[in-house]
Number of protein chains: 2
Amino acid sequence: MVLKVYGHRISEPSRAVLIFCKINMIDFEEIHVEVLKGQQFSQEYGAITPIRQIPAIVDGHLKLIESHAILIYLSCSFPGVASHWYPGDPQKRAKIHSILDWHHSHLRRGAAGLVYTTILAPLNGLRSFLQIVIQAEEILLKSLSELENVWLKDGTFLGGISQPSIADLSLACEVMQLELLNEEDYHQILSPYKKVKKWIKDVRSATAPYFDEIHEYLFESQKGIRDQMATQSGKKKVRPKM
Amino acid sequence: MVLKVYGHRISEPSRAVLIFCKINMIDFEEIHVEVLKGQQFSQEYGAITPIRQIPAIVDGHLKLIESHAILIYLSCSFPGVASHWYPGDPQKRAKIHSILDWHHSHLRRGAAGLVYTTILAPLNGLRSFLQIVIQAEEILLKSLSELENVWLKDGTFLGGISQPSIADLSLACEVMQLELLNEEDYHQILSPYKKVKKWIKDVRSATAPYFDEIHEYLFESQKGIRDQMATQSGKKKVRPKM
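As the structure is a computational prediction, the values presented were derived from the model and not from experiment.

What counts, and where the lines are drawn
- Residues numbered from 1 in each chain as written.
- Chains lettered and ligands numbered in written order.
- Predicted model: local features only at pLDDT ≥ 70, side-chain atom pairs only at ≥ 80, totals over all residues.
- Heavy atoms only, no water.
- Contact = heavy atoms within 4.5 Å.
- Buried area = accessible area lost by both parts, 1.4 Å probe.
- Salt bridge = Lys/Arg side-chain N within 4 Å of Asp/Glu carboxyl O.
- Polar contact = N/O pair within 3.5 Å; in protein donor to acceptor, adjacent residues only side chain to side chain.
- Helix = DSSP H or I, 4+ residues; strand = E, 2+ residues; numbered from the N terminus.
- Least-squares fit on C-alpha atoms with pLDDT ≥ 70 in both.
- Domains from an automatic or database assignment.
- Pairing = 2+ DSSP bridges.
- Axes fitted to C-alpha atoms, helices over the stretch in contact; angles between N-to-C directions.

Asker: Looking at this structure, I do not really get the interface of chain A and chain B. What am I missing?
Answerer: Of the residues lining the interface, 35 residues belong to chain A; the matching set on chain B comes to 35 residues. When chain A packs against chain B, the two sides together hide about 3,000 Å² of surface, and 62% of this comes from carbon and sulfur. Between chain A and chain B we count zero salt bridges in total. Between chain A and chain B we count 11 residue pairs in polar contact (both at pLDDT 80 or more) in total. Secondary-structure elements contributing two or more residues to the side of chain A that touches chain B are strand E4 (62-65), helix H3 (67-77), helix H4 (90-123) and helix H5 (130-151) of chain A. The biggest single contributor to the side of chain A that touches chain B is H4(A), with 13 residues.

Here is the structure:
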């Protein structure tokens, strides 16, 4: 039975898994879960994961959530995957795990937190609280600084490695989420981070043409979201007005 | 050169790494980093990790942060470690990665978030914001429910496994952090979760006597912290007064 990947292309971890499958020529079926309309709460999706998050995969009897765990599993279980994505050497692997773990509480919390509280929540009629927005923005800026000055200090890819790993793919998809912010905020947030911007281009090149193909939904959403947000008085800037 | 473990026993991921080293008879030197007094910002600690978080290990030329990455590295690099901590089978390993990843954005964010905003921040004269406390509490309660009903649904240990893995150790140390809350809040939060309470006992037994030995600092801190918090008018309950 072919590998099934459940996800939505608006979700950055879903995009990472989809790009990974395509670049490694893994045969899979993409199953769109309409999370923007609550399809993850359906009885059917509850049978895939009672935690009801995306992405998820089903491979034979295995049902698995969490994109990092999925990327590691695919790297180890599909023999066609090039070894640079998840090297066998324990020290190289440890660095990749370390970056992936750091991602959760730092870059992901900042980027996904800011996009959710300033874009997705208001567009869905949910209230955002100023202190939670400020916290997400602070975490994001600290994370981008650490990404630039620690993880991208040496070499083209994260952790000073010359070829991309699953950490590059996962974190690059996270930074791409910031494209949903309005143009002024986007440039203000990212412009100090030259290495981060170059690294995004390098990950995009290394995974061409799939990086752009899978991000097309995000780019299409960007214009509509920016227009909608621009019409909402006082919500155009990252921080809600006091 | 012997393995060096940098940490503080008030930190739940530091405790997980210390217990793991002891139960697996890994020869190591524990180096106390006085994070409550800002020692992680010293020039000396910056040479261990510019991200300045604990725990960290130094093993030969390898410097590594993030407790999950450390536990995986130790499991793979020290031959005396029993295989149940981090099984070689890709599907079993995938489940453990999945639980460890879930930990970051769910249980850890809720438990560490609540303890920080309601205990550690106020005790250090830092302001806590009501909405951030409420958010942490909501994430914690949802996480405990998923821990009880999903990860502990089948079997003694997480993911339906009969022997403890590094995920059990890591998540159990996280739940133990809640002991710093006042007694009423602690019991109110944990009492609905019978399987979680039994599982903590099972992890404690499986890692005896080291679990209690390493948690002694937490238990000693508990009384002092509860007394201090009780004297701070209006801050005795989890939620700050409106």
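Asker: Just to check I follow, could you spell out the relation of the copies chain A and chain B for this structure?
Answerer: The second copy of the chain is related to the first by a rotation about an axis and a shift along the axis. Least-squares fitting of chain A to chain B yields an RMSD of 0.0 Å, with the transformation described by 0.0 Å of translation along the axis and a rotation of 180 degrees. Such values leave the two copies arranged in the relation of a two-fold axis. When the interface residues of chain A are mapped onto chain B, 100% of them again lie at the interface, so the same face is used by both copies.

Asker: I would appreciate a short explanation of the domain arrangement of chain A in the present structure.
Answerer: Residues and elements named next belong to chain A. If you check the domain split of chain A, you get domain 1 (3-81) and domain 2 (90-231). For domain 1 and domain 2, the distance between their C-alpha centroids amounts to 20 Å. On the domain 2 side, the residues contacting the 19 residues of domain 1 number 26 residues. For the pair domain 1 and domain 2, the summed buried surface comes to about 2,000 Å²; carbon and sulfur atoms form 69% of the total. Broken down residue by residue, the surface that domain 1 buries against domain 2 is led by Glu 12, Ile 19 and His 68, which jointly contribute 32%. Remark: the boundary between domain 1 and domain 2 carries two salt bridges.

Asker: So what exactly am I meant to see when it comes to the sheet that holds strand E2 (residues 28-32) of chain B here?
Answerer: Consider a sheet: its strands pair through backbone hydrogen bonds, and that pairing is either parallel or antiparallel. Residue and element names in this part refer to chain B. Taken together, the four strands give an open sheet; going across it, the order is E2-E1-E3-E4, and neighbouring strands pair in mixed fashion. Looking at the sheet topology across the chains shown, the edges are occupied by E2 and strand E4 (62-65). The sheet shows a mean angle of 20 degrees between the axes of neighbouring strands, taken without regard to direction. Pairing of strand E1 (residues 3-7) with E2 involves five bridges; the strand directions are parallel. The residue bridging Leu 3 from the neighbouring strand is Phe 28, located in E2.

Asker: Could you clarify how one ought to interpret the sheet that holds strand E3 (residues 56-59) of chain A in this entry?
Answerer: Taken together, four strands build an open sheet; the order of strands is E2-E1-E3-E4 (chain A) and the sheet is mixed. Every interior strand has two partners, whereas the edge strands, strand E2 (28-32) and E4 of chain A, have only one. The sheet shows a mean angle of 20 degrees between the axes of neighbouring strands, direction not considered. Alignment of strand E1 (residues 3-7) of chain A against E3(A), held across three bridges, turns out to be antiparallel. Within E3(A), the residue paired with Lys4(A) across the bridge is Val58(A). Its contacts with the sheet put helix H4 (residues 90-123) of chain B on E3 and E4 of chain A, and the angle it makes with E4(A) is roughly 25 degrees.

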